[in-house]
Amino acid sequence: MGRGKRSAGGGTPATVAATAAGVAFTLHSYEHDPAAGSYGEEAARALGTSPDRVLKTLVAEVDGRLTVGVVPVAGSLGLKALAAAVGGKRAVMADPAAAERSSGYVRGGISPLGQRRPLPTVVDSSAAGLPTVFVSAGRRGLEIELAPADLVRLTGALLAPIAAG
């Protein structure tokens, strides 16, 4: 991985944030299929990598406050676990429009990096044991690969077991 190495696709707030922080990353682009049922699973297939290494960024409301959960695309977000991780009582998935407004990204391209309004973030603890992970780089068909420790540091995230199934 090069420091700020880029392939086709140009900069997004996510790549700008990673570059500004001096984080080593690799940018991967692929042709997004608008008919794809799962953006994350589509990314794993297109990149030829395990769905355990491709993480999806989901926005939930914990006790009325927007919170980000980052989990492997093969599973789902455990809302009770997310609430517990941030000291809350109840979590529900956020309205997609609220998630887009808050992050500055469109659904299916929401990155945990470079969000318009930084939110409390929790990364599933399964990511910690991986050499690198892939998260959205800010648009559909563009993924950023980086070390899990860098993802946690750049987002100010907590690591906790928040994946379900």
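None of these values were measured; they are calculated from a predicted model. In this convention, every chain numbers its residues from 1, walking through the sequence in written order. Since the coordinates come from a predicted model, pLDDT governs what is reported: local features require at least 70, and pairs of side-chain atoms require 80 or more to be given and counted, while whole-chain, interface and lining totals use all residues. The basis for every side-chain value is the complete set of heavy atoms in the structure, and neither hydrogens nor water enter the calculation.

A word on the overall build of the chain. The helix and strand labels rest on DSSP assignments: H or I over at least four residues marks a helix, E over at least two residues marks a strand, and numbering proceeds from the N terminus. For the chain, the helix and strand inventory stands at 5 helices and 10 strands. In terms of overall dimensions, the chain is globule-like: its C-alpha atoms have a radius of gyration of 14 Å, near the 15 Å expected for 165 residues. Relative accessible area decides the class of each residue, using a 1.4 Å probe on protein chains only: under 20% of the type maximum gives buried, over 50% gives exposed, and in between gives partly exposed. Out of the 165 residues in the chain, the part that is buried amounts to 46%. Taking all contacts inside the chain whose residues are at least 6 apart in sequence as the whole, residues at least 24 apart take part in 59%. Split by element, the accessible area of the chain, about 7,600 Å² in all, is 53% carbon and sulfur. Charged residues are defined narrowly, with Lys and Arg counted positive, Asp and Glu counted negative, and His plus the chain ends left uncounted. Every charge is mapped onto a representative atom, which is NZ of Lys, CZ of Arg, CG of Asp or CD of Glu. Considering the chain, the positive charge centre built from 17 side chains and the negative charge centre built from 13 side chains are found 6 Å apart. Each radius of gyration is computed over the set of C-alpha atoms, and the globule rule expresses the reference value as 2.2 Å times the number of residues to the power 0.38. Residues count as neighbours in contact if any of their non-hydrogen atoms are within 4.5 Å of one another. The method behind every accessible area is Shrake-Rupley, applied with a 1.4 Å probe, and residues are considered shielded solely by the protein chains displayed.

Moving on, we get to the nonpolar core. Residue types Ala, Val, Leu, Ile, Met, Phe, Trp, Tyr and Cys, when buried and joined through side-chain atoms within 4.5 Å, form a set referred to as a nonpolar core. Val135, Ile144, Leu146 and Leu151 are the most contacted members of the largest nonpolar core, which totals 27 residues. Those elements giving two or more residues to this core turn out to be helix H1 (13-20), strand E1 (25-29), strand E2 (55-62), strand E3 (65-72), strand E7 (133-139), strand E8 (142-146) and helix H5 (148-155). In contact with leucine 151, not counting residues within four places along its chain, are Leu55, Val70, Pro112, Leu113, Val123, Val133, Val135 and Leu146. Among the nonpolar cores identified, the runner-up in size contains 10 residues, and Val71, Ala83, Val122 and Ile162 belong to it.

One bridge is not enough; two strands pair if DSSP finds at least two bridges between them. Taking strand neighbours across the sheet as the criterion, the 3 strands line up as E1-E8-E7 in an open arrangement whose pairing is antiparallel. Both outer strands of the open sheet, E1 and E7, are each paired with one neighbouring strand and no more. Sheet twist, expressed as the average angle between the axes of neighbouring strands with direction ignored, equals 30°. Where E1 lies against E8, 5 bridges are found, and the strand directions are antiparallel. Directly across from threonine 26, in E8, lies its bridge partner glutamate 145. The angle between two axes is taken between their N-to-C directions and runs from 0 to 180 degrees, where each axis is a line fitted to C-alpha atoms and a helix contributes only its stretch in contact. Of the strands in this sheet, E7 and E8 are in contact with H5, which crosses E8 at around 105°.

All right, on to the sheet that holds E3 then. One open sheet holds the 5 strands; their spatial order is E5-E2-E3-E6-E9, and the pairing between them is mixed. Each having just a single partner strand, strand E5 (91-93) and strand E9 (158-160) make up the two edges of the open sheet. On average, adjacent strands in this sheet sit at an angle of 35° to one another, irrespective of strand direction. Sheet topology note: the E3/strand E6 (residues 121-124) ladder contains 3 bridges and is parallel. If you follow glycine 69 over to E6, its bridge partner there is valine 122. Contacts between H5 and the sheet are confined to E2, E3, E6 and E9, with E6 contributing the most and set at about 165° to the helix.

Take the UniProt feature "domain: YbaK/aminoacyl-tRNA synthetase-associated" (unreviewed entry) in the chain next. UniProt positions are given in the numbering used here, feature names are shortened, and annotations may be inferred rather than shown by experiment. The UniProt record annotates "domain: YbaK/aminoacyl-tRNA synthetase-associated" (unreviewed entry) at residues 39-154. End C-alpha atoms of residues 39-154 are separated by 23 Å, and the span's content is 27% helix alongside 32% strand.

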